[in-house]
Amino acid sequence: MRKVDLKRERKPLYTAPAGQFVLIDVPPLPFLMIDGHGDPNGDGFAEAMQALFSVAYGLKFMSKVECDLDYSVPPMEGLWWADRFERFYDRDKDLWSWRIMVPQPDAITPDMFARAVVGAGRKGKGGTALGRLRLETWAEGLSVQTLHVGSYDDEGPLIARLHQWIADNGLSETGHHHEIYLSDPRRTAPEKLKTILRQPVQYRSPLAASPLPS
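Presented here is an overview of the structure given in this document. Please read these numbers as outputs of a predicted model, since none were measured by experiment.

Some details on the overall build of the chain
Next, step 1: Secondary structure summary: the chain contains five helices and 11 strands in total.
Next, step 2: The globule rule puts the C-alpha radius of gyration for 214 residues at 17 Å, and the 18 Å found for the chain is close to it.
Next, step 3: With the C-alpha coordinates aligned to their principal axes, the bounding extent of the chain is approximately 50 × 40 × 30 Å.
Next, step 4: Sequence separation of 24 or more characterises 77% of the internal contacts of the chain that already satisfy a separation of 6 or more.

So, the side chain of Gln 145
Next, step 1: Structurally, Gln 145 is set in strand S8 (residues 141-149).
Next, step 2: The buried category is assigned to Gln 145, whose relative accessible area is 0%.
Next, step 3: Engagement of the side chain of Gln 145 in a polar contact is seen with the backbone oxygen of Pro 12, the distance being 3.2 Å.
Next, step 4: Discounting chain neighbours no more than four positions away, the residues touching Gln 145 are Pro 12, Leu 13, Tyr 14, Thr 15, Ala 16, Gln 20, Phe 21, Val 22, Ile 24, Ile 196, Leu 197 and Arg 198.

Quick look at the layout of surface pockets
Next, step 1: Approximately 940 Å³ is the volume attributed to the largest pocket.
Next, step 2: What lines the largest pocket is a set of 33 residues, and nearest its centre among them are Met 49, Met 76, Tyr 152, Tyr 181 and Pro 185.
Next, step 3: In terms of residue count, helix H2 (residues 43-66) provides more of the lining of the largest pocket than any other element does, four residues in total.
Next, step 4: Taken together, the residues of the lining of the largest pocket break down into 19 nonpolar, five polar and nine charged.

Some words on helix H5 (residues 156-168)
Because an α-helix packs 3.6 residues into every turn, residues spaced three or four apart end up facing the same way.
Next, step 1: When the terminal C-alpha atoms of H5 are compared, their 18 Å separation across 13 residues agrees well with the 18 Å that a helix rising 1.5 Å per residue should span.
Next, step 2: Of the residues one or two after H5, Gly 170 is the one with positive phi, at around 70°.

Points about empty space enclosed by the protein
Next, step 1: Inspection of the entire model under this criterion finds one cavity of 30 Å³ or more.
Next, step 2: Of the pockets and cavities examined, the largest cavity occupies roughly 80 Å³.
Next, step 3: Leu 13, Leu 29, Phe 31, Glu 77 and Arg 198 are the residues nearest the centre of the largest cavity, which is lined by 15 residues in total.
Next, step 4: Put simply, the parts of the chain that give the lining of the largest cavity at least two residues each are strand S3 (29-37) and strand S10 (177-181).
Next, step 5: Its residues placed into classes, the lining of the largest cavity shows 10 nonpolar, one polar and four charged.

Considering the pairing of S10
Next, step 1: Burial analysis of S10 places five of its five residues in the buried class, the great majority of the element.
Next, step 2: Residue alternation in S10 divides its side chains into two sets, His 177, Glu 179 and Tyr 181 and His 178 and Ile 180, and both sets are buried.
Next, step 3: Direction of pairing for strand S5 (residues 77-81) relative to S10: antiparallel, over a ladder of four bridges. Within S10, the position partnered with Leu 79 by the bridge is His 178.
Next, step 4: Pairing between S10 and strand S11 (residues 194-203): four bridges, direction antiparallel. Opposite His 178, over in S11, you have Arg 198 as the bridge partner.

Here's the deal with the packing of aromatic side chains
Next, step 1: By the definition in use, this model includes six aromatic pairs.
Next, step 2: With a centroid separation of 4.8 Å and 80° between ring planes, the pair formed by Phe 45 and Trp 98 is classed as edge-to-face. You can see Phe 45 sitting in helix H2 and its partner Trp 98 sitting in strand S6 (residues 97-103), a full 53 residues away along the chain.
Next, step 3: Relative accessible area serves as the criterion here: at 8%, Phe 45 is assigned to the buried category.
Next, step 4: When the ring of Tyr 152 is compared with that of Tyr 181, the centres are 5.5 Å apart and the planes differ by 80°; the resulting orientation is edge-to-face. Of this pair, Tyr 152 sits in the loop between S8 and H5 while Tyr 181 sits in strand S10, and the two are 29 residues apart along the sequence.
Next, step 5: A relative accessible area of 25% means that Tyr 152 is categorised as partly exposed.
Next, step 6: A connected cluster of aromatic rings, assembled from ring pairs, spans Phe 45, Trp 80, Trp 96 and Trp 98.

What counts, and where the lines are drawn
- Residues numbered from 1 in each chain as written.
- Predicted model: local features only at pLDDT ≥ 70, side-chain atom pairs only at ≥ 80, totals over all residues.
- Heavy atoms only, no water.
- Helix = DSSP H or I, 4+ residues; strand = E, 2+ residues; numbered from the N terminus.
- Rg over C-alpha atoms; globule rule 2.2 N^0.38 Å.
- Contact = heavy atoms within 4.5 Å.
- Buried < 20%, exposed > 50% of the residue type's maximum accessible area, 1.4 Å probe, protein only.
- Polar contact = N/O pair within 3.5 Å; in protein donor to acceptor, adjacent residues only side chain to side chain.
- 1 Å grid on protein atoms, 1.4 Å probe; cavity = no way out; pocket = protein on both sides within 12 Å on 5 of 7 lines; lining within 4 Å.
- Points joined across faces, edges and corners; volume = space filled by probe spheres on them.
- Nonpolar A, V, L, I, M, F, W, Y, C, P; charged D, E, K, R; others polar.
- Expected span 1.5 Å × (residues − 1).
- Pairing = 2+ DSSP bridges.
- Phe/Tyr/Trp six-rings, centres within 6.5 Å; stacked < 30°, edge-to-face > 60°.

If you want it as structure tokens, here you go:
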């Protein structure tokens, strides 16, 4: 059986210097994803997470049988947005919208996904959120990212610095604020949590574009 480590194979997507900013090119990748709105500490977010990981682990075991492929389920990722970006600074979480996602190997097919959703439903996992779950390719392209170490609620100053760095370097935002949760909050002290913060961007002028660092 072939075993792969998606984090290792896609290492540039999961690494960045703490508090410093790097440009990367994010390729199109398959994800399990589900959208929602409101405080991530609420029941709706918890149900969405249960649906997401129930199907993610169902696909992992299905892949071992049907594709002769074993892999570790990668960390959860999240896109976050609101009607005004300032909502992230004042932490008005009831007004946030979100998309939580788990990357998938290329071997996962729509048919496998559909059967994994049915299997999760039979086990009573994920509730009505299963109906909103989908398997899609997500493409971000040119992006700026950094590593935040600490509580999720302490991200605000670094996010502000990230957006200032974007403006100062001839770039503009093209997508939603993106986070990759490298630490398990159930097993990690808040001050030691590691989170990749990412923002898709484009150059404001084609003449300003420069190659990514090698």
